[in-house]
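# Remarks on the overall topology
Chain by chain, the residues run as shown.
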Amino acid sequence: MDRDFGKSGLRAQLATDDLARESSASNRKSRQWLVVAALLWAWPSVDAVALGVKDPAPPQVNELAPAEPAAPKKHPKVTFHQTPKALSPDAVTSDWTEFLGPYGTSVSPETHLLKEWPEGGPTLVWELEKGNGYSAPSIQGDHLVYLHRVKEEEIVECLHPETGQLYWQWRSPSDYRDTYSYSNGPRCSPVIEGNRVYTYGVQGKLHCLELSTGRLHWKRDLSTEFNVPQDFFGVVSTPVIHQGHLIVHLGAPGGPCVISLDKMTGKMNWAAGTEWQAGYSTPVIGPVHGKDKCLVFAGGKSRPTNGGLLCLDPNTGAIDFQFPWRSRTYESVNAASPVLIGNQVFISEVYGKGGALLNLDAEGGHEVAWTSDVLSTHFNTAIHEDGYLYGFDGRNEPDSSLVCQDLATGEEVWRTVLEWEETYELNGKVKPRPMSVYRGFLLKADGDYLAIGERGHLLWLDLSPKGWKEISRTWLFAAHESWTPLVVSRGLLYVCQNARDFVTGGSPRLLCYDLRK
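This one's a predicted model, so the numbers in the text were calculated from it and none came from an experiment.

### Observations regarding the overall build of the protein chain
Counting its secondary structure elements, the protein chain contains 2 helices and 37 strands. Expected size for 517 residues packed as a compact globule is a radius of gyration near 24 Å; at 22 Å, the protein chain falls within 12% of this value. Dimensions of the protein chain, computed from C-alpha atoms along their principal axes, come out at roughly 70 × 55 × 50 Å. Looking at the protein chain as a whole, 59% of its 517 residues qualify as buried. Summed over all atoms, the accessible surface of the protein chain reaches about 20800 Å², with 50% contributed by carbon and sulfur. When the 49 basic and 61 acidic side-chain charges of the protein chain are each reduced to a single mean position, those positions are 4 Å apart.

Below, the structure written as structure tokens:
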């Protein structure tokens, strides 16, 4: 039978009474912690939290009357190509409701995926002519939510995942201009829970929408409210949900670095951190010695440069520790998400510091297990499997390679550059040219690894400590900036082409492929 490992099985939503009890318990815990920290913080008022920061602009909450769900209809920008195959009755499937998937790790529980492709690659199901941005779609059931920018608006699209039909759109003005001439569109992925979807735009505009209708529950302009200046590449860190909290890596100068908002009302629960501005890494929440912790890898635009790992209580904002880890280079960022492995966490950046593995203790402390420059990830997040880390090391296209690193020692197990030749016409000349994955992204699914290359190549790879083997490879499109992580849900693969095809001239697209076996 089809078994669905959706987010509800991983982070169950609490009932109202449970939330009330937990809020009471969290307040008691917060009071105890604040007594110990009395020299640093005073006990806050109702509207203030760990830092003594009051919510600068609690949002107006719209009371939505019951309404019929939006019905799907033809999207003028979607081209439908072919109905996907039926799912295998034995397939394990999953929603993909947040950045990097159901576990926030680029690991999918999906099975029975097609790995031997016909000539030309997997079957294209549908495609959306998209605007600017690097956001990945998020999926829950029969709803796919995608955020991109068209002209001077950020648009939230809610589509049917199998057909590309349109349920609804939400539009918000945007005049963002990237400092380094990269895309002017959003970077963060939508976050879905229950009948709500949260989107966080490149200028810090946060919206909470009703998934079934697209109606607005509440909205905030966090960058304006907290006086957060434009960073190198705009807002990149996707919010995460923990029970009643929507946790945002804000990065306001002088604090707060991280805030929690009530996911139902948008009002601030707590604020934490004063030293570090926003990085480009999405927070990770998971158990450490049986207690949930939120790991935030901060570090963006600042002089002198600063940043590192914050470990905090997601219920109260109480900080366990701060571990400085940031390059001295001004134009540098911390972008890869922390990798939580039991009671250890791996962090990595590519501008000089490299990677570090920390051992986390039950009292909220830490010690460094090792540091290494073997696996210095840029914007891809390493994947852990059976005591080994796999990921793409390297800051620029020419120096990028796929690496296997021993988690126990930090030593390099193997390294390879995935390269080959492609023959195509460019500037009137048809000839073979060298090609590679360059700074790719990995996604682990069905026992192997999918990889998206920087120029639009898709590969299935068999990775182990013994080495690597290419299972399949195809060229989906010839476009630069293919930096958006892959998404797999219910046997369908979603890929973002973020730039024009430099061979055909085709425009950017969101593409859905059939990987059902």
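### A word on the nonpolar core
Core analysis: the largest hydrophobic core is formed by 49 residues, its most contacted members being Trp126, Leu450, Leu493 and Tyr494. Elements with a minimum of two residues in this core: strand 4 (123-129), strand 6 (143-150), strand 31 (441-445), strand 32 (448-452), strand 33 (457-464), strand 35 (487-489), strand 36 (492-497) and strand 37 (509-514). In terms of nonpolar packing, the next biggest core, distinct from the first, is built from 21 residues, Leu246, Leu250, Leu261 and Met268 among them.

### Concerning the side chain of Ser327
Structurally, Ser327 can be placed in the loop between strand 20 (319-324) and strand 21 (339-341). The buried category is assigned to Ser327, whose relative accessible area is 4%. Within the local environment of Ser327, its side chain forms a polar contact with the backbone nitrogen of Thr329, the two atoms lying 2.9 Å apart. The residues touching Ser327, leaving out its near neighbours within four places in the chain, are Thr305, Ser332, Glu349, Tyr351, Gly352 and Lys353.

Reading guide: rules and limits
- Residues numbered from 1 in each chain as written.
- Predicted model: local features only at pLDDT ≥ 70, side-chain atom pairs only at ≥ 80, totals over all residues.
- Heavy atoms only, no water.
- Helix = DSSP H or I, 4+ residues; strand = E, 2+ residues; numbered from the N terminus.
- Rg over C-alpha atoms; globule rule 2.2 N^0.38 Å.
- Buried < 20%, exposed > 50% of the residue type's maximum accessible area, 1.4 Å probe, protein only.
- Areas by Shrake-Rupley, 256 points an atom, 1.4 Å probe, with all protein chains shown as cover.
- Lys, Arg positive; Asp, Glu negative; His and termini not counted.
- Charge placed at Lys NZ, Arg CZ, Asp CG, Glu CD.
- Core = buried A, V, L, I, M, F, W, Y, C linked by side-chain atoms within 4.5 Å.
- Polar contact = N/O pair within 3.5 Å; in protein donor to acceptor, adjacent residues only side chain to side chain.
- Contact = heavy atoms within 4.5 Å.

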